[in-house]
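Structural description and commentary
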Amino acid sequence: MKVKYTLLHKDKDTNARYAILDTNHGSYETPMFMSVGTQASVKMLSPLELKEINSAIILANTYHLWLRPGEDVIAHAGGLHKFMNYDGPILTDSGGFQVFSLANYKDISEEGVLFKSHLNGDKLLLTPEKSIEIQNKLDSDIAMCFDECPPYPVSYDYMKKSVERTIRWAKRCLDSHQNENQSLFGIIQGGEFQDLREYSAIETVKLPFDGFAIGGTSVGEEKEVMYKMIEDGIRYLPIDKPRYLMGVGDPLDLFEGVMRGIDMFDCVLPTRLARHGHAFTLNGKINLKNAKYKEDFSPVDENCDCYLCKNFTKAYVRHLIIASETFGQRLLSIHNIRFLIKIMENIRIAIKEDRFLEYKNEFYKNYGTKD
RNA sequence: GCGGAUGUGGUGAAGUGGUUAACACAUUGGAUUGUGGUUCCAACAUGCGUGGGUUCGAUUCCCACCAUCCGUC
């Protein structure tokens, strides 16, 4: 079945909304944060650990799984869920972002994007049809359109051509989509140009997608610019379909997104920061490598209910990180993802009780606005 | 006692008669937003064992001393 979005409550002060998203692998409340597992693994975490922190949808990446191990291997395994033994919902990103992140080796044409494999240098052509075919085989619950995520900044003319092409690609994605059991989301682009955002949203919404994403954000633009990008696109999206803000996961950005009507977020930030020794806390992000934690035997975040915070000290994690022990990275990954998931849990409660702004203000006050 | 070698930042270690003494590790900060999993950026020796001498100028050349290591009695 396709995902089904049921709006249950809209915040009285803002565009924040509380809903239930039914998927092939369970029903989940939104707004939600999705953790990223590019190569069919949320780095450092087991499916069991994901379940313990109340993780719902996770991401996997078409481009990466295409190159390794190959979509057929996963299809033969019985699909991505069986392959990685994860029974929650999985969303696959289309490879569109790699057009941006692997910018050194790309050649974009109407047909698709010519990549140079980061693994062995092979020249590979990823097209909308190919991306969808791969995602069909991976058998994720939600597939994403193959889009172009241009860098920031880029000229108006370039962005206009890019947006128009991404819309043509969106149609090709729909036309080639075969998996009846899989949902397909369209992606709004347009950079910071209001009319292009609007055009992209209006044209994409005409197409029969199961949900809509806002892409092209968090590519180096200022925060205010990003918030404007969201606003310019989101007002054209239907209220009965899920809205996904791609690649955003800074704690404060979650609030800003929810406030503007976003239902789903994903971000590598919690796991990447964890691997580099940083932890989210209610009082802001901290760097556990800092010398001041050498003999700090308090929990990373005393308010947190995760395995790390309930059992270990800052001094211990600091030691593990400095000694390059992967256990430290695991503990921080668990904590950072749990931290964002917990924020979303609290946000949902706040929306239901019509006090989203109150909770947001309280969070900002403690967290500080520097990060 | 004698013979030989070496003495450069926390460590290992380049280097040169002349502006700011490489580099690596460690240390100390910072970065990170649809992940190319030990990443990227920055700071860190007013001084090259000590004291003299030569020189316009010495960490670099000379002398003495001290220290360490090796060999030997």
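Whatever comes next refers back to the structure up there.
Residues numbered from 1 in each chain as written. Chains lettered and ligands numbered in written order. Predicted model: local features only at pLDDT ≥ 70, side-chain atom pairs only at ≥ 80, totals over all residues. Heavy atoms only, no water.

1. A short note on the sheet that holds strand β3 (residues 26-30)
Read across the open sheet, the 3 strands follow the order β1-β2-β3; overall the sheet is antiparallel. In this open sheet, the two strands that pair with only one neighbour each are β1 (4-10) and β3. When strand polarity is set aside, the average angle formed by the axes of neighbouring strands in this sheet is 20 degrees. Strand direction decides the pairing type here: strand β2 (residues 17-23) and β3, joined by 5 bridges, are antiparallel. Considered in β3, the bridge of I20 is made with E29. Here helix α14 (residues 326-352) sits on the sheet and contacts β1, β2 and β3; the angle it forms with β2, its principal contact strand, is near 120 degrees. (Pairing = 2+ DSSP bridges. Helix = DSSP H or I, 4+ residues; strand = E, 2+ residues; numbered from the N terminus. Axes fitted to C-alpha atoms, helices over the stretch in contact; angles between N-to-C directions. Contact = heavy atoms within 4.5 Å.)

2. Some remarks on the packing of helix α6 (residues 128-138) against helix α7 (residues 156-176)
To characterise two packed helices, one gives the angle between the axes of the helices and the distance between these axes. Two numbers describe how α6 lies on α7: the axes approach to 8 Å, and their chain directions differ by 40 degrees. By the angle class used here, α6 and α7 are oblique. As α6 packs across α7, the resulting crossing turns out to be right-handed. Across the interface between the two elements, P128, E129, I132 and N136 of α6 pack against W169, R172, C173 and S176 of α7. The residue makeup of the contact of α6 with α7, split by class, is 4 nonpolar, 2 polar and 2 charged. (Parallel < 35°, antiparallel > 145°, perpendicular 65-115°, else oblique. Left-handed = near helix turned anticlockwise from the far one by under 90°. Nonpolar A, V, L, I, M, F, W, Y, C, P; charged D, E, K, R; others polar.)

3. A short note on the packing of aromatic side chains
To describe a pair of aromatic rings, you give the distance between the ring centres and the angle between the ring planes. Taken as a whole and assessed by the stated rule, the structure comprises 17 aromatic pairs. Seen from their ring centres, Y307 and F312 are 5.5 Å apart, and the 75 degrees between their planes marks the pair as edge-to-face. Accessibility expressed as a relative area gives 42% for Y307, which makes it partly exposed. Ring geometry for F312 versus F327: centroids 5.8 Å apart, planes at 85 degrees, classification edge-to-face. Taken together, the positions of F312 in the loop between α12 (307-311) and α13 (314-322) and F327 in helix α14 put the pair 15 residues apart, joining distant regions of the chain. A relative accessible area of 24% places F327 in the partly exposed class. Grouped by ring-pair contacts, the aromatic residues F255, F280, F339, F356, Y359, F363, Y364 and Y367 constitute a single cluster. Above the face of the Y364 ring, K360 is positioned so that its terminal group lies 4.6 Å from the ring centre. (Phe/Tyr/Trp six-rings, centres within 6.5 Å; stacked < 30°, edge-to-face > 60°. Buried < 20%, exposed > 50% of the residue type's maximum accessible area, 1.4 Å probe, protein only. Lys NZ or Arg CZ within 6 Å of the ring centre and 35° of its normal.)

4. Some words on the state of the cysteines
Chemically, a disulfide is nothing more than a covalent bond linking the sulfur atoms of two cysteines. Enumeration according to the criterion identifies 0 disulfides in this entry. No disulfide involves C145; its sulfur sits 4.1 Å from the nearest other cysteine sulfur, which is in C173. On the basis of relative accessible area, C173 is assigned to the buried category, the value being 0%. (Disulfide = S-S within 2.5 Å.)

5. Looking at α6
Looking only at α6, the buried set comprises P128, S131, I132, I134, Q135, N136 and L138. Count one or two residues on from α6 and you reach D139, which has phi positive near 65 degrees.

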